[in-house]
Amino acid sequence: MSKCPLCFTDVGTVEASWQCVNRDCASEATEHPAVKAYLGREMKIKQRRREVRPKDHRGPWTPRLEQHCTKCGAHMERSCLVCQQPIPKDIDTSDVICVALTGARATGKSVSIGVMRLFVEKLVEELRSALTFESRYSQTDESKEYLDQILTGKAYPATPPGIARSLLYSLGQLNGKHRYLAFRDIAGEDLEKSDSSLNLSFLGRADLVIFLFDPLAIRSIRDALESVIPRQGEPGQDPQRVLGTVLKHISNGRPHLAVCLAKVDALQALGEQNSPLSPVFANAGTTLVREAPKRTIGGPAYDQADGLLLSEEVRSTLMLLNGTSIVNMVENPATKVVLPHRFFATSALGAAADGELLPDHGITPFRVLDPLLWILNEKGVVPSA
Ligand SMILES: Nc1nc2c(ncn2[C@@H]2O[C@H](COP(=O)(O)OP(=O)(O)OP(=O)(O)O)[C@@H](O)[C@H]2O)c(=O)[nH]1
Ligand SMILES: [Mg+2]
Ligand SMILES: [Zn+2]
Ligand SMILES: [Zn+2]
């Protein structure tokens, strides 16, 4: 079953919604009460129509392929029954893989999306398909807000709170289906308060929730790295509280949860220092300092054994980093529902940026695609190695 790229709601098998998006249409534009909470701003909707599966219908039902506005005659756009946003026409037969990035302020969520996107493009090419950005279904401009900054070395502004940011990519036909990849970038500020004005319930309906944990938020690590890496901005709220908020929004949903030790480049720099963590990162064999083995034949794949080993190594590193409560919240949650989870170590930039700019020598990402490879493997898009 496919999902809405903005609110991640299952696209119904009994009902469909359509709307006229012709700017010049003379039909009256009305507000819909749900839109603001999902989108973060008002959006007036012109002619709207619902199509319901006939009561006597037998077997699987799909709505009509076309509907026309009775006022202006224009093609109507399929839209989500819940958030009312336009959704792709082939939604009933395609698969939308929904990924949400979470974490405190400045944990690197937006940078990770930009870098992951570059890697996904390469991955999809290796799978003999092509990636395209679906600007008409996205709430954000990927070039302006995500790519140009990585490619030109400009720093990212903090994501503004209270506004939905979603990016939808078509991955083309992969393993028998048209696949889409939807990212939701959340402002850390929205997760640091308990009552964001934005409806964050989509976290419970995501296929994958990536939670970024910034080791630089830990005082002792910041101090140990004081003269080793450039000075970093103020860290956001403590990761344990933010994870609590994320789990609260997930509620009784069942997404996969990737807990990422982000900016691991900073910890790798500890390998040469005198710190209790140095031996972990000075060990050249650990998954925390080497990439997953790449298959030389047969194209891209997810290496289960490497993924599980990485998860174990990150889990024990988190315990060393006073992150025991994070591990407990994941493995023994208050809700008693243990989500399918794995621990990861990622670095989107590969080195700390100095002030406003990205690292001088360009970016050297580390394992940044691993969480996505995991879910793409679970979804049958990428094979196991
Ligand atoms: N050392 C290091 N720094 C990083 C990495 N990724 C991001 N940063 C730095 O972290 C800062 C915040 O990155 P963003 O991607 O804007 O963080 P965010 O989580 O989107 O922040 P909000 O939008 O405020 O929630 C940037 O100034 C980056 O330079 C990384 O892999 N390594
Ligand atoms: Mg951001
Ligand atoms: Zn929706
Ligand atoms: Zn119309």
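Here the structure is a predicted model, which means the values were calculated and not measured. (Residues numbered from 1 in each chain as written. Chains lettered and ligands numbered in written order. Predicted model: local features only at pLDDT ≥ 70, side-chain atom pairs only at ≥ 80, totals over all residues. Heavy atoms only, no water.)

K.L.:
Sorry if this is basic, but what is going on with the coordination of the zinc ion (ligand 3) here?
P.N.:
Each donor-metal-donor angle in an ideal tetrahedron of four donors is 109.5 degrees, and each such angle in an ideal octahedron of six donors is either 90 or 180 degrees. Summarising the metal site, the zinc ion (ligand 3) is bound by the protein donors Cys4 (SG), Cys7 (SG), Cys80 (SG) and Cys83 (SG), whose distances to it range over 2.3 Å. Taken together, the four donor atoms coordinating the zinc ion (ligand 3) and their angles of 103 to 114 degrees define a geometry best described as tetrahedral. Between consecutive donor residues of the zinc ion (ligand 3), the sequence gaps follow C-x2-C-x72-C-x2-C. Taken together, the residues Cys4 in the segment before strand 1 (15–20) and Cys83 in the loop between strand 5 (76–79) and strand 6 (95–103) connect sequence positions 79 residues apart. Residue class for Cys83 comes out buried when judged on its relative accessible area of 0%. (Donors = N, O, S within 2.8 Å, 3.2 Å for Na, K, Ca; no water. Tetrahedral: all angles 85-135°; square planar, octahedral: opposite > 155°, others 65-115°. Helix = DSSP H or I, 4+ residues; strand = E, 2+ residues; numbered from the N terminus. Buried < 20%, exposed > 50% of the residue type's maximum accessible area, 1.4 Å probe, protein only.)

K.L.:
Got a minute to help me understand the side chain of Asn377 in this structure?
P.N.:
Counting through the fold element by element, Asn377 comes out in helix 12 (residues 370–378). Among residues more than four places away in sequence, those in contact with Asn377 are Tyr302, Gln304, Val382, Pro383 and Ser384. (Contact = heavy atoms within 4.5 Å.)

K.L.:
Looking at this structure, I do not really get the sheet that holds strand 4 (residues 48–52). What am I missing?
P.N.:
Note on sheets: strands pair through backbone hydrogen bonds, and any given pair is parallel or antiparallel. In spatial order, the strands read 4-1-5; together these three strands make up an open sheet with antiparallel pairing. The open sheet has two edge strands, strand 4 and strand 5, and neither has a second partner. Averaged over all pairs of adjacent strands, the angle between strand axes in this sheet comes to 30 degrees, irrespective of strand direction. Where strand 1 meets strand 4, five bridges bridge the pair, whose relative direction is antiparallel. Residue pairing in the sheet places Gln19 in a bridge with Arg48 of strand 4. (Pairing = 2+ DSSP bridges. Axes fitted to C-alpha atoms, helices over the stretch in contact; angles between N-to-C directions.)

K.L.:
Would you mind going over the coordination of the magnesium ion (ligand 2) with me for this structure?
P.N.:
Protein coordination at the magnesium ion (ligand 2): the donors are Ser110 (OG) and Thr159 (OG1), at 2.0 to 2.1 Å from the metal. With Ser110 in helix 2 (residues 109–126) and Thr159 in the loop between helix 3 (142–152) and strand 8 (166–174), this pair connects stretches of sequence that are 49 residues apart. You can call Ser110 buried: its relative accessible area is 10%.

K.L.:
What should I look at first to understand the pairing of strand 6 in this one?
P.N.:
Regular strands place side chains that alternate from one sheet face to the opposite one. The buried fraction of strand 6 amounts to nine of the nine residues, a majority that puts the element mostly inside the structure. For strand 6 and strand 9 (residues 177–185), the ladder comprises seven bridges, and the chain directions are parallel. Within strand 9, the position partnered with Cys98 by the bridge is Ala182. In this sheet, strand 10 (residues 208–213) lies alongside strand 6 in parallel orientation, the contact comprising five bridges. Bridging across to strand 10, Ala100 finds its partner in Val209.

Remember, this is a structural readout, not a statement about activity or role.
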